[in-house]
Every structure is written in structure tokens, then in C-alpha cells.
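Inside the fold
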Amino acid sequence: MIGALVGDIIGSVHEFRKMKQTDFPLFASATTFTDDSVLTIAVADCIISAADYVDKFQEYTNAYPNRLYGAGFMNWVQTGSRKPYHSWGNGSAMRVSPVGFAFNDAESVLDKARRSAEVTHNHPEGIKGAQATALSVLMARKGSSKDEVRETIAAKFGYNLNRTVEQIRPEYEFDESCQGTVPEAIIAFLDSYDYESAIRLAISLGGDADTLACITGGIASAFYGGVPREIAEPALSKLDKPLREVVDQFCTRFSVPTA
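This part covers unusual backbone geometry. Within the chain, alanine 50 stands out as a residue other than glycine whose phi angle is a positive 55 degrees. By the secondary structure assignment, alanine 50 is in the loop between α2 (35–49) and α3 (53–63). Owing to a relative accessible area of 69%, alanine 50 belongs among the exposed residues under this scheme. In the Ramachandran plot, leucine 68 falls in the positive-phi region, its phi being about 70 degrees despite a non-glycine side chain. For leucine 68, a relative accessible area of 48% corresponds to the partly exposed category.

Next up, the structure:
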């Protein structure tokens, strides 16, 4: 979960800049948290408190407006709807990492990921993106090899993971869909050698940078055993006290490592 938040925060300044290289400062004066962090923490809160996803998503979004939420999601919040809107957007995947850290078997993770997604993203691709991300986190933290992650996720979800970031980057563009984001984010993790390199690779694709880095970061932090303190601390300092309290409570309860 920490890795997802840090990825979002680092990626926040690159979302519309079409970054196509890995050599860039990790932090800038405008670095901040976006909707990815807000809703990731909302999922964590739901898990801790057994709260309703609809209630928490709307509560958090109203508490933290103007954080680059998608238009469909904002309309859902502003109208107070309790019905999903058949989205296949990558929002279901970017917020799901707490599920992969909180539950310890594939069946539970897939079920909880589906539940976190379907309150808004009840399109099959929206659910699939959330499940693939959460299962990748679970496998990574349980000691699966990268080859095992690649083979399992490709077989179960039909994603083409037999590509590299170098092959994808030249033609890749901004894509808000699960099907155009989740496989690429997983590949950024698969191509990495540590947490920082995973984040740099995800952002270097030049797409939806904060969400790519959020998804990649959750998986990478699970695989590499956390986020280096010198990266985690300046990133998490961007969160306000109420958000940080939920993060700390979740990490303590589920023994999620920082570094």
C-alpha cells in the first residue's frame, strides 16, 4: 500500500507531460497526492472498519475534492448515486492495493478486489483490472517469482505480459482504461530491479503517470519488501494528518513494511 501511495505522489507531476525517460527528479515543488492516494486510503479504511465502499468513496472524495478524479466518478459522487456506472477505467486498479496486503489467499483477494471495484467499475474489464492488480500484490508479497507472477496473471486475465517497457514506450500514449494500463504497469514491475526503478519505468511510459506508478508501486513494494525510507518519507509527508492516520493504522494492523 505504501508503495502505491508513493508511486502516485511521485507520478503526480508527470501525468500530462508524456515523460519518456527514466532520468528525472523523484520530487518537485508541485509534487502532491492525487485521487489515486485518496481512494487507496479509502479502500484501506473500508477494510479496517468494515465500512461500505460507496459511503467511504463518496466521503473521501467530498473531503478531498480537486484531486484529478475522473469525470464519470465525479458525476457518481456529486449525484450521490449508489449504483455502478459500468466503468472500465483504471480507477478500480489504482485503488485496490490494500486488498492484496490485507488478505492472504487468492480466493479472498479476488473476491475482495471484485467487491472494491464493482460499486463503480462493474464492467468486466474494470473488475479484471482490480483483480489482476490485487493478485499481483499478493503473489509478490508471498514470495512468488516474477516469472510466476507473469505466467499466472497472463493465464488468468488474458493480458499480454510478454513485452518490455522498452518495446511499449515508443508508441504508448495516455490511456485511462484498465486494459490499457494494468498490463503495462505490471510489466514495469517485471522489468524493474528495485522499487525506485519500477516507479521510474512506469512513469517513463509517458501515459497516465500517477496511476501507472501507483499500480506498479503497490506490486513492487510487496515484492521488494517495502519502499526505501529516503523515498517513502518525503512522499508520505505530502499526506495530511487524517490520511496519514489511516495509513499508519492499516500498516500496523497488517504488518505492511515501509522500508
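Another aspect to go through is the layout of surface pockets. The computed volume of the largest pocket comes to approximately 420 Å³. Lining the largest pocket are 24 residues; nearest its centre among them are Tyr69, Gly70, Asn90, Gly91 and Glu176. Of all the secondary-structure elements, those providing two or more residues to the lining of the largest pocket are α2, α4 (71–78), α5 (91–94) and α13 (209–224). Classifying every residue of the lining of the largest pocket gives eight nonpolar, nine polar and seven charged.

What follows covers the packing of aromatic side chains. This model, assessed by the stated rule, comprises nine aromatic pairs. When the centroid spacing of 6.0 Å and the interplanar angle of 75 degrees are considered together, the rings of phenylalanine 33 and tyrosine 64 count as edge-to-face. With a gap of 31 residues between them, phenylalanine 33 in the loop between α1 (2–11) and α2 and tyrosine 64 in the loop between α3 and α4 connect regions that are remote in the sequence. You can call phenylalanine 33 buried: its relative accessible area is 5%. Judged by centre distance (5.2 Å) and plane angle (70 degrees), the rings of phenylalanine 189 and phenylalanine 223 are edge-to-face. Here the residue phenylalanine 189 occupies a position in helix α11 (residues 182–190), and phenylalanine 223 occupies one in helix α13, the gap between them amounting to 34 residues. Of the residues examined, phenylalanine 189 reaches a relative accessible area of 0% and is grouped as buried. Judged by relative accessible area, which is 28%, phenylalanine 223 ranks as partly exposed. Members of the aromatic cluster, each reached through a chain of ring pairs, are Tyr69, Phe73 and Trp76.

Rules and cut-offs
- Residues numbered from 1 in each chain as written.
- Predicted model: local features only at pLDDT ≥ 70, side-chain atom pairs only at ≥ 80, totals over all residues.
- Heavy atoms only, no water.
- Helix = DSSP H or I, 4+ residues; strand = E, 2+ residues; numbered from the N terminus.
- Buried < 20%, exposed > 50% of the residue type's maximum accessible area, 1.4 Å probe, protein only.
- 1 Å grid on protein atoms, 1.4 Å probe; cavity = no way out; pocket = protein on both sides within 12 Å on 5 of 7 lines; lining within 4 Å.
- Points joined across faces, edges and corners; volume = space filled by probe spheres on them.
- Nonpolar A, V, L, I, M, F, W, Y, C, P; charged D, E, K, R; others polar.
- Phe/Tyr/Trp six-rings, centres within 6.5 Å; stacked < 30°, edge-to-face > 60°.

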